[in-house]
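# Descriptive structure summary
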Amino acid sequence: MNLRGAIHTELVDYKQGDTTLEGYLAYDDSISGKRPGVLIVHQWMGLTDYEKMRANMLAQMGYVAFCADIYGKGIRPTTPQDAGAQAGKYKGDRQLLRERVNAALDELKSNKLVDSSHVAAIGYCFGGTTVIELARSGADLNGVVSFHGGLDSPTPADGKNIKCKVLVLAGANDPFQKPDDLAAFEKEMRDSGVDWQMTSYGGAVHAFTQPDVDKLGMSGAKYNEKADKRSWQAMKDFFAEIF
């Protein structure tokens, strides 16, 4: 990781329709000129310090990083029950989910520091599902990376809309990754001729990149340092290819 100058960070209000959203922007202000942009989509608790930390890491690597806000400004669940309700609202309305994430992508691309021809999106859990939906929406970007995201689709034919490369990073022991969904996703990718790849990490369950998940005491979700480091490296290799 190249630590250069100071990392500039700020909260950014933007809109999707009439809804105000609050994202988080990070970039290295010692770099001049345009550079690739990376969109980060949060897990089910909404935009938290975790996504901001990942944005800062990406900024240190020379990218302009922007954390999306799918739920709306001020909507930050505090319990798994609240998070489940919010995530369920958007998983149950994929069109709205796509509109929300595309609004964030547009916000990132409009940044004067971003080379809009070099843009990727990454997401965690709920966000991993969301970046796949972003690709399925036909969004114009170079690649998406799903970290332990759900891969199910109510409309598998939408795979034909995917224009970018797809990287799926999964826990081999993730109990939330249903075999039927996995098989359907692989069929969707094959049938649509998508440039896709998937890596499963042995011994890893759901949310393996998130240290704070252990505090929730959720069955089937646990941090795995080895899988966390391996998946981050896989993302970096993928970026080296697509950019």
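Reading guide: rules and limits
Residues numbered from 1 in each chain as written. Predicted model: local features only at pLDDT ≥ 70, side-chain atom pairs only at ≥ 80, totals over all residues. Heavy atoms only, no water. Axes fitted to C-alpha atoms, helices over the stretch in contact; angles between N-to-C directions. Helix = DSSP H or I, 4+ residues; strand = E, 2+ residues; numbered from the N terminus. Parallel < 35°, antiparallel > 145°, perpendicular 65-115°, else oblique. Contact = heavy atoms within 4.5 Å. Nonpolar A, V, L, I, M, F, W, Y, C, P; charged D, E, K, R; others polar. Core = buried A, V, L, I, M, F, W, Y, C linked by side-chain atoms within 4.5 Å. Buried < 20%, exposed > 50% of the residue type's maximum accessible area, 1.4 Å probe, protein only. Salt bridge = Lys/Arg side-chain N within 4 Å of Asp/Glu carboxyl O. 1 Å grid on protein atoms, 1.4 Å probe; cavity = no way out; pocket = protein on both sides within 12 Å on 5 of 7 lines; lining within 4 Å. Points joined across faces, edges and corners; volume = space filled by probe spheres on them.

### Description of the packing of helix H3 (residues 94-109) against helix H4 (residues 126-136)
Where H3 meets H4, the closest approach of the two axes is 9 Å, and the angle between their N-to-C directions is 85°. By the angle class used here, H3 and H4 are roughly perpendicular. Residues Arg94, Leu97, Arg98, Val101, Asn102 and Leu105 of H3 pack against Phe126, Thr129, Thr130, Glu133, Leu134 and Arg136 of H4. Split into classes, the residues belonging to the contact of H3 with H4 amount to five nonpolar, three polar and four charged.

### Examining the nonpolar core
Core analysis: the biggest nonpolar cluster contains 41 residues, and Leu39, Phe66, Ile70, Leu134, Leu141, Val144 and Val166 have the highest contact counts within it. Ranked by residue count, the leading element in this core is H3, at seven residues. Within the second largest apolar cluster, 31 residues are counted, among which are Ala26, Ile40, Tyr201 and Ile242.

### Some words on the environment of Leu134
Along the polypeptide, Leu134 turns up in helix H4. Dropping the residues within four chain positions of it, Leu134 is found in contact with Leu39, Val101, Asn102, Leu105, Ala121, Ala139 and Leu141.

### Focus: the pattern of salt bridges
All told, the structure shown has 15 salt bridges when counted by the stated rule. The partner of Arg98 in a salt bridge is Glu133, and the shortest N-O contact between them spans 2.7 Å. Taken as a pair, Arg98 in helix H3 and Glu133 in helix H4 lie far apart in primary sequence, 35 residues in all. Just as Arg98 is buried, Glu133 falls in that class too. Lys187 is the partner of Asp191 in a salt bridge, and the nearest nitrogen-oxygen pair spans 2.5 Å. In this pair, Asp191 and Lys187 both sit in helix H5 (residues 179-192), four residues apart, roughly one turn of the helix.

### What to know about the layout of surface pockets
Put simply, the largest pocket is a space of about 690 Å³. Lining the largest pocket are 32 residues; nearest its centre among them are Gln43, Trp44, Cys125, His206 and Met218. Counting residues per element, the ones that place at least two in the lining of the largest pocket are helix H1 (49-60) and helix H2 (80-91). Examining the composition of the lining of the largest pocket, we find that four residues originate from one element, H2, more than from any other. Class assignment for the residues of the lining of the largest pocket results in 14 nonpolar, ten polar and eight charged.

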